[in-house]
Amino acid sequence: MKAARVFAISFLLAISLACAAAGWLAPSGYAHQFREIPNAPASSQHWLGTDDLGRDRFARLLYGTRVSLLLAPAAALLSSLLAALVGGIAGFSGGRLRKVVMAGTDLFLSLPWLFLLITVRALLPLNLAPLTSVVITFALLGCLGWAAAARVICADAGSLRHSDFLLLARASGIGGWRLVSRHLLPNLMPVIYAQFWLSIPLFILTEANLGILGLGVSEPLPSWGSLLRELESYSSIASNPWQFVPLVLLIAVVSCFHLLVMDRELPA
Amino acid sequence: MKKSYLAVFLFVLATLGAAWAQSPTQLRFCLRSEPKTFNPLLVEEDSSDTVRYLTGGVLVRLDRESQKLEPSLATAWKLSKDGRAITFTLRPGGKFSDGTPFSADDVAYTVQQMMDPSLHSPVGDTFRSGNGKTETKVLSPTKIMITFPAPVAGLDRLFDGVAIMSSKSPKKEMAVLGAYYIAENKAGSYLILQRNPNYWRHDASGRQLPYIDSVRLDIQQNRDLELLRLERGEIDLVNSIDAEYYEKLKTDKPALAHDAGPSLDSEHMWFNQIAAAPIPDYKKAWFQSTSFRRAISESINRADLARIAFRGHAQPAIGMVSPANQFWFNSKLQPHPFDQKSALQRLQQDGFRMHDGVLSDSGGHPVEFSIVTNAGNKYRERMATMIQQDLSGVGIKVNVVTLDFPSLIERITRTFNYEVCLLGLVNTDLDPNSVMNVWVSSAENHQWNPSQKTPATAWEAEIDRLMRAQASSLDDHKRKQYFDRVQEIAWEQEPFIYLVTKNALSAVSSSVANAHPVVLRPQVFWNVDELKLASEMAEKK
């Protein structure tokens with residue numbers, strides 16, 4: 001499994017480096033429309049061909065991956081922090097507070113995520129720059145995606161509350177923030193860490209879903225969702241197999257993230 | 001024993017031969033959704049309209065190919081001088097599909113039902129021209145006069161959409177006068193229509209129509225599957241396909257793909273000119289300026305939109321009426337040119353200035369606006385993205401915003417919280433009266449500035465006057481003069497910037513004979529009673 005982890009990290013690093021060098025690897029940019037060659041096959045000028053508006057598909061893949069790989073971890077970080085705050089407080093406090101908070105969390109979980117995202121998206125101001133709209137989209141995902149992780153963290157915090165080392169610490173006179181920061185948080189970190197890594201592919205896929213619905217990132221900024229929309233019309237896929245590359249990359253990246261999480265969970 | 005074997009063999013052979021010679025023919029195609037109603041007077045959506053067309057008998061029929069009115073159940077008709085009344089002479093001896101005799105009483109019954117305000121018949125709404133009751137007078141079993149409270153322009157042509165219902169049949173709307181009747185309805189799955197044994201129409205040799213014995217309508221929402229089924233021979237036609245599917249079909253099976261040329265449908269965009277809209281005043285000033293709108297129009301490369309977004313199966317739009325509308329189209333109009341230099345000159349005359357590649361108005365505001373369109377329509381999304389690039393060439397920043405359809409409609413009809421909208425128009429009717437609810441300034445669908453109490457501009461007041469004049473005139477040539485002028489004003493002022501006119505694309509199996517796809521709906525099966533299947537033609541040979 002160590003080898004798998006090394007491979008996953010190397011792959012993700014390679015992808016990240018390629019995205020960082022997007023301007024150099026794909027100088028034509030993601031927005032320029034080569035209108036004389038729409039739907040062109042792969043060539044030396046356009047390694048993955050062009051899309052239906054004549055835009056270089058390789059450039060769009062690099063920039064789209066950059067968007068997803070930068071913002072999905074940011075959204076995951078936000079949701080993990082919120083989950084840690086809510087779940088940690090509820091689990092550690094116990095009693096009525098825990099019941100009330102978990103009831104609120106359950107209510108939040110029962111909301112239809114996708115419709116909520118669509119509604120909030122529709123309420124956003126119209127004149128937002130594409131980058132701003134994508135940051136807001138991922139921020140929304142972060143703000144909406146904490147509930148499931150909060151339940152897990154709450155359960156873990158609840159079991160830690162009655163643990164021997166915590167009781168010992170309390171008996172020694174340690175309390176308040178010192179108890180939380182020196183004893184509780186370090187023991188919750190593995191769970192929070194796992195939730196963080198699990199959330200990243202979830203948010204990538206959620207943004208991809210929104211993109212497929214046409215409600216993701218504003219044009220001309222690409223994202224995996226908008227790139228995957230080319231696969232909607234499966235009647236044209238046979239003649240354009242390079243349209244699969246974003247899907248393959250998405251599967252590979254999500255798998256790598258899962259490998260990272262699995263490897264940490266498995267016993268040594 | 002040998003003789004008995006021979007007898008059995010000959011008997012089986014004869015039976016098989018007879019069965020083969022009489023094998024029923026069936027036309028198969030798909031509906032995109034389940035029909036909501038079989039009452040022809042309540043039809044509002046496409047699937048119900050298809051069933052109505054196939055089963056309903058009408059007094060006059062608009063020939064979809066020549067776009068001229070032809071006798072159908074009525075052999076003759078006469079309009080009164082004041083345009084309020086029409087007298088039909090009916091075909092004698094007609095019968096409904098269940099054998100019930102057809103007479104003027106049935107026409108009277110249908111019209112009374114149609115004009116009953118409590119029924120809220122959509123087809124009846126097209127006849128409503130004034131307050132008052134519609135009178136029907138049965139002059140004889142084959143003659144009827146219908147009088148409306150006010151003149152109705154194009155009155156005779158409107159009866160193409162009125163399927164006559166029986167006043168006596170216990171089967172109510174299921175007793176029909178059209179080529180087929182509904183024989184089987186498996187909800188959510190398919191409908192089977194059988195030939196009407198009492199259909200009035202015969203071919204030149206005296207053979208009763210329709211040629212094809214039955215029609216099977218499968219409910220199929222997925223267009224990819226529909227196309228696959230056509231290619232596999234499981235269905236015989238697809239009435240309307242979009243450009244991408246057409247291209248795929250043209251590559252795989254070119255004989256199946258049909259392009260009938262420009263349709264009546266267009267794609268257009270418009271600026272929000274509503275005074276009370278929640279957008280900045282300086283933007284309202286831009287949008288209300290004719291020079292600004294003309295400059296935007298000149299900055300858009302329509303040829304590229306047609307070639308790339310629609311794969312070449314669209315034409316640069318000229319104006320509010322498609323050239324496919326042979327009589328009403330103003331042939332003097334030409335497409336707006338793609339000329340960004342001229343566009344910049346117009347903008348400069350309007351006080352705009354270009355600096356560092358960014359266009360600003362006289363108040364120093366950089367020109368930036370958003371275009372909203374409905375998410376999921378890839379053609380519109382493509383067009384919006386291409387327009388975004390085109391307008392960047394004149395220093396204008398465009399933000400493309402795709403919204404779910406209900407949110408989009410909410411913005412453009414209720415909150416008016418939008419700047420530019422890109423949508424399409426589906427025209428099912430040739431007559432200018434069908435667009436009264438768009439071009440009259442007080443109308444709800446006058447999208448750039450709806451429901452005006454008084455016209456906001458002189459040109460809108462002029463359009464109001466001309467539209468009302470053509471609606472109340474009975475002389476088609478005079479109506480054309482008025483409507484030509486409306487088209488000219490719309491072309492000059494561009495409240496709608498018409499982008500492309502889509503081509504009428506369809507797919508027909510080579511086993512279907514006599515199919516002549518046209519631009520008017522229903523594009524392929526408009527002459528369903530004349531269609532033949534190759535299997536039947538082989539038998540006849």
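To start, this report covers the structure provided alongside it. (Residues numbered from 1 in each chain as written. Chains lettered and ligands numbered in written order. Predicted model: local features only at pLDDT ≥ 70, side-chain atom pairs only at ≥ 80, totals over all residues. Heavy atoms only, no water.)

### Describing helix H9 (residues 176-212) of chain A
All names here are of chain A.
So, point 1. Compared with the 54 Å implied by 1.5 Å per residue over 37 residues, the 47 Å span of H9 between its first and last C-alpha is markedly short.
So, point 2. The sharpest bend along H9 reaches about 50° and sits at leucine 185, with the proline proline 186 one to four residues further on.
So, point 3. Phi turns positive, to about 80°, at glycine 214, one or two residues after H9. (Helix = DSSP H or I, 4+ residues; strand = E, 2+ residues; numbered from the N terminus. Expected span 1.5 Å × (residues − 1). Bend = angle between axes of the 7 residues up to and from the residue.)

### Focus on the packing of aromatic side chains
All names here are of chain B.
So, point 1. According to the stated counting rule, one finds 35 aromatic pairs over all chains in the structure shown.
So, point 2. On the basis of an interplanar angle of 70° and a centroid distance of 6.4 Å, the ring pair of phenylalanine 292 and phenylalanine 369 is categorised as edge-to-face. Here phenylalanine 292, found in helix H9 (residues 290-299), pairs with phenylalanine 369, found in strand E16 (residues 368-374); they are 77 residues apart in sequence, far enough to count as distant. Per residue, the accessibility class of phenylalanine 292 equals that of phenylalanine 369, and both read buried.
So, point 3. When the ring of phenylalanine 496 is compared with that of tyrosine 498, the centres are 5.8 Å apart and the planes differ by 75°; the resulting orientation is edge-to-face.
So, point 4. For phenylalanine 496, a relative accessible area of 2% translates into the label buried.
So, point 5. Put simply, the rings of Trp270, Tyr418, Trp439, Trp448, Trp459, Phe496 and Tyr498 pair up and form one aromatic cluster.
So, point 6. Above the plane of the ring of tyrosine 379 lies arginine 382, whose end atom (NZ or CZ) is 5.2 Å from the centre. (Phe/Tyr/Trp six-rings, centres within 6.5 Å; stacked < 30°, edge-to-face > 60°. Buried < 20%, exposed > 50% of the residue type's maximum accessible area, 1.4 Å probe, protein only. Lys NZ or Arg CZ within 6 Å of the ring centre and 35° of its normal.)

### Here we look at the interface of chain A and chain B
So, point 1. Contact with chain A, which involves 31 residues of that partner, is made by 39 residues of chain B.
So, point 2. Across the pair Arg35(A) and Asp390(B) runs a salt bridge, and its minimum N-O distance is 3.0 Å.
So, point 3. Our enumeration of links across chain A and chain B arrives at 13 residue pairs in polar contact (both at pLDDT 80 or more).
So, point 4. Class assignment of the residues belonging to the side of chain A that touches chain B gives a composition of 14 nonpolar, nine polar and eight charged. (Contact = heavy atoms within 4.5 Å. Salt bridge = Lys/Arg side-chain N within 4 Å of Asp/Glu carboxyl O. Polar contact = N/O pair within 3.5 Å; in protein donor to acceptor, adjacent residues only side chain to side chain. Nonpolar A, V, L, I, M, F, W, Y, C, P; charged D, E, K, R; others polar.)

### Thoughts on the pairing of strand E8 (residues 180-186) of chain B
All names here are of chain B.
So, point 1. When E8 meets strand E9 (residues 190-195), the two strands line up antiparallel, connected through six bridges. Each residue of the ladder has a partner; that of tyrosine 180, found in E9, is arginine 195.
So, point 2. Count of turn residues in the E8/E9 antiparallel hairpin: three residues, of which glycine 188 carries a positive phi of about 80°. (Pairing = 2+ DSSP bridges.)

### Some details on the environment of Val519(B)
So, point 1. Along the chain, the position of Val519(B) falls in the loop between strand E20 (512-513) and strand E21 (532-533).
So, point 2. Dropping the residues within four chain positions of it, Val519(B) is found in contact with Gln67(B), Ala260(B), Gly261(B), Pro262(B), Ser263(B), Ala324(B) and Ala504(B).

### Things to note about the environment of Glu226(B)
Residues and elements named next belong to chain B.
So, point 1. Tracing the chain through its elements places glutamate 226 in helix H6 (residues 223-231).
So, point 2. For the pair glutamate 226 and alanine 175, spaced 51 residues apart in sequence, the C-alpha separation works out to 30 Å.
So, point 3. Excluding residues within four positions of it along the chain, glutamate 226 makes contact with Cys30, Arg32, Gln220, Ile235 and Val238.

### Topic: unusual backbone geometry
So, point 1. Along the chain, Glu219(A) connects to Pro220(A) via a cis peptide bond; the corresponding omega equals 0°.
So, point 2. Along the polypeptide, Pro220(A) turns up in the loop between H9 and helix H10 (224-228).
So, point 3. Omega for the bond connecting Leu209(B) with Pro210(B) falls within 30 degrees of zero, at 5°, which places this linkage in the cis form.
So, point 4. With respect to the helices and strands, Pro210(B) occurs in the loop between E9 and strand E10 (214-219).
So, point 5. Backbone geometry at Asn39(A) places phi at a positive 55°, although glycine is not the residue there.
So, point 6. Mapped onto the elements, Asn39(A) comes out in the loop between helix H2 (22-25) and helix H3 (57-93).
So, point 7. Note on Asn39(A): relative accessible area 26%, which makes it partly exposed.
So, point 8. Here Asn514(B), not a glycine, exhibits a phi torsion of approximately 70°, which is positive.

### Here's the deal with the pattern of salt bridges
A pair can form between side chains of opposite charge whenever their charged atoms are brought close.
So, point 1. Evaluated as defined, the whole model comprises 48 salt bridges over all chains.
So, point 2. We note a salt bridge from Asp252(B) to Lys248(B), for which the minimum N-O separation is 2.4 Å. Remark: Lys248(B) and Asp252(B) occur in helix H7 (residues 243-252); sequence separation between them is four residues, near one turn of the helix.
So, point 3. For Lys248(B), a relative accessible area of 22% corresponds to the partly exposed category.
So, point 4. Between Glu410(B) and Arg414(B) there is a salt bridge, and its shortest N-O distance comes to 2.7 Å. Of the two residues, Glu410(B) and Arg414(B) are both situated in helix H13 (residues 405-415); the distance of four residues between them amounts to about one turn of the helix.
So, point 5. Judged by its relative accessible area of 33%, Glu410(B) is partly exposed.
So, point 6. Shared partners join several salt bridges into a network, and the residues in it are Asp52(A), Glu244(B), Arg311(B), Lys378(B) and Arg382(B).

### Structural notes on helix H15 (residues 458-472) of chain B
All names here are of chain B.
So, point 1. Taking 1.5 Å as the rise per residue, H15 with 15 residues should run 21 Å; its terminal C-alpha atoms sit 21 Å apart, in good agreement.
So, point 2. Every buried residue belonging to H15 is among Trp459, Glu460, Ile463, Asp464, Leu466, Met467, Ala469 and Gln470, and all of these are buried.
So, point 3. Packed against the buried residues of H15 are H9, helix H14 (436-439) and helix H16 (476-493).

### Some thoughts on the packing of helix H1 (residues 2-20) of chain A against H3(A)
Residues and elements named next belong to chain A.
So, point 1. Following both chains from N to C, one finds H1 and H3 inclined at 120°, their axes separated by 8 Å at the closest point. Like other packed secondary-structure pairs, H1 and H3 cross with a definite hand, here left-handed. Contacts between H1 and H3 involve Ile15, Ser16, Ala18, Cys19 and Ala20 from the first element and Leu62, Thr65, Arg66 and Leu69 from the second.
So, point 2. Here the residues of the contact of H1 with H3 sort into six nonpolar, two polar and one charged. (Axes fitted to C-alpha atoms, helices over the stretch in contact; angles between N-to-C directions. Left-handed = near helix turned anticlockwise from the far one by under 90°.)

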